[in-house]
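Chains, contacts and geometry: an overview
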Amino acid sequence: MSNTSTNDPARDVAASPFLRAFRGSFTSALRWSDLDALWMRLRTDAKGGWYLYAIGEPPPEAPADQAMVERFIDEIDALLRREHDERLCGIVYADDLRIPSLVKIYDPNNLGVACGSSSHPPLPGWVMSKLPPVDLPATQLVPKGRRRWWRALLGA
């Protein structure tokens, strides 16, 4: 029997399939119509085992059910349109816009340099993933209003 744990939590996290995928290549839903198309694809696959992770909160241990995925999409879309009042969206990234398995959603109120041209780009505010997420270290404080929003969404 093989044990993949090294007794080194940092090494175990670095070897995680989620972290490798998280650090991979992503494409922006640049236009609002691109985001609409991405949401449509995610809704079609809402039963697909999506983990919904708010950075700064403990990562979920189980995928969300279809109703929760659909509610999350509704709520995050409303938040983005309300708080990112720009001509272009450009703050939602997917590993594949046509067949997504990992989606990064940046908080409109904490963008920094989301495109990754910085040596320390900010973490997204939220992640949708088909892989169980690992606890990403918070590089900044998560605003209390965002924590309250997330907890209210989950009914916690």
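Residues numbered from 1 in each chain as written. Predicted model: local features only at pLDDT ≥ 70, side-chain atom pairs only at ≥ 80, totals over all residues. Heavy atoms only, no water.

With respect to helix H3 (residues 32-44)
- Along its 13 residues, H3 runs 18 Å from first to last C-alpha, staying within 8% of the 18 Å computed at 1.5 Å per residue.
- By the burial criterion, the buried members of H3 are Trp-32, Leu-35, Leu-38, Trp-39 and Leu-42. Projected down its long axis, H3 carries its buried residues within an arc of 110°, all on one side. Exposed side chains of H3 directed beyond 90 degrees from the buried face belong to Met-40 and Thr-44.
- Where the residues of H3 are buried, they touch helix H4 (66-83), strand S3 (92-94), strand S4 (102-105) and strand S5 (126-129). (Helix = DSSP H or I, 4+ residues; strand = E, 2+ residues; numbered from the N terminus. Expected span 1.5 Å × (residues − 1). Buried < 20%, exposed > 50% of the residue type's maximum accessible area, 1.4 Å probe, protein only. Arc of directions from axis to C-beta. Contact = heavy atoms within 4.5 Å.)

Considering the pattern of salt bridges
- As enumerated under the stated definition, the model contains six salt bridges in all.
- Residue Asp-77 pairs with Arg-81 through a salt bridge whose shortest N-O separation is 2.9 Å. With Asp-77 and Arg-81 both in helix H4, this residue pair falls four residues apart, about one helical turn.
- With a relative accessible area of 33%, Arg-81 lands in the partly exposed category.
- Among the charged side chains, a network of salt bridges with common partners joins Asp-36, Asp-77 and Arg-81. (Salt bridge = Lys/Arg side-chain N within 4 Å of Asp/Glu carboxyl O.)

A word on the packing of aromatic side chains
- In total, this model carries three aromatic pairs according to the counting rule given.
- Ring geometry for Trp-126 against Trp-149: centres 5.5 Å apart, planes inclined by 70°, an arrangement best described as edge-to-face. Placement of Trp-126 in strand S5 and of Trp-149 in helix H5 (residues 144-154) is noted, with a sequence separation of 23 residues between them.
- A relative accessible area of 3% means that Trp-126 is categorised as buried.
- In this structure Trp-149 comes out as buried when scored by relative accessible area, which is 17%.
- Positioned above the aromatic ring of Phe-26 is the side chain of Lys-104, whose terminal nitrogen or guanidinium carbon lies 4.2 Å from the ring centre. (Phe/Tyr/Trp six-rings, centres within 6.5 Å; stacked < 30°, edge-to-face > 60°. Lys NZ or Arg CZ within 6 Å of the ring centre and 35° of its normal.)

Some remarks on the nonpolar core
- Among the nonpolar cores identified, the biggest contains 42 residues, and Phe-72, Leu-80, Ile-105 and Met-128 are the most heavily contacted of them.
- Elements with a minimum of two residues in this core: helix H2 (17-22), H3, strand S2 (51-54), H4, S3, S4, S5 and H5.
- Counting residues per element, this core draws most heavily on H4, which supplies seven residues.
- When sequence neighbours within four positions are dropped, the list of residues in contact with Phe-72 reads Leu-52, Ile-105, Trp-126, Met-128, Trp-149, Trp-150 and Leu-153. (Core = buried A, V, L, I, M, F, W, Y, C linked by side-chain atoms within 4.5 Å.)

Considering the side chain of His-84
- Within the fold, His-84 resides in the loop between H4 and S3.
- Polar side-chain contacts of His-84 include one of 2.9 Å to the backbone oxygen of Cys-89.
- Ignoring anything within four residues of it in the chain, the contact list for His-84 reads Trp-32, Leu-79, Cys-89, Ile-91, Pro-108 and Leu-111. (Polar contact = N/O pair within 3.5 Å; in protein donor to acceptor, adjacent residues only side chain to side chain.)

Some details on the sheet that holds S3
- Read across the sheet, five strands follow the order S1-S3-S4-S5-S2 without closing on themselves; strand pairing throughout is antiparallel. The strands lining the two open edges of the sheet, one partner per strand, are strand S1 (27-28) and S2. (Pairing = 2+ DSSP bridges.)

Some thoughts on the environment of Ser-101
- In this structure, Ser-101 sits in the loop between S3 and S4.
- Considered as a pair, Ser-101 and Ser-129 are 28 residues apart in the sequence and their alpha carbons are 5.8 Å apart.
- Every residue in contact with Ser-101, bar those within four places of it in the chain, is listed here: Trp-50, Asp-95, Met-128, Ser-129 and Lys-130.
- One polar contact links Ser-101 to Asp-95, side chain to side chain, over a distance of 2.4 Å.

The values are spatial; any link to function lies outside them.
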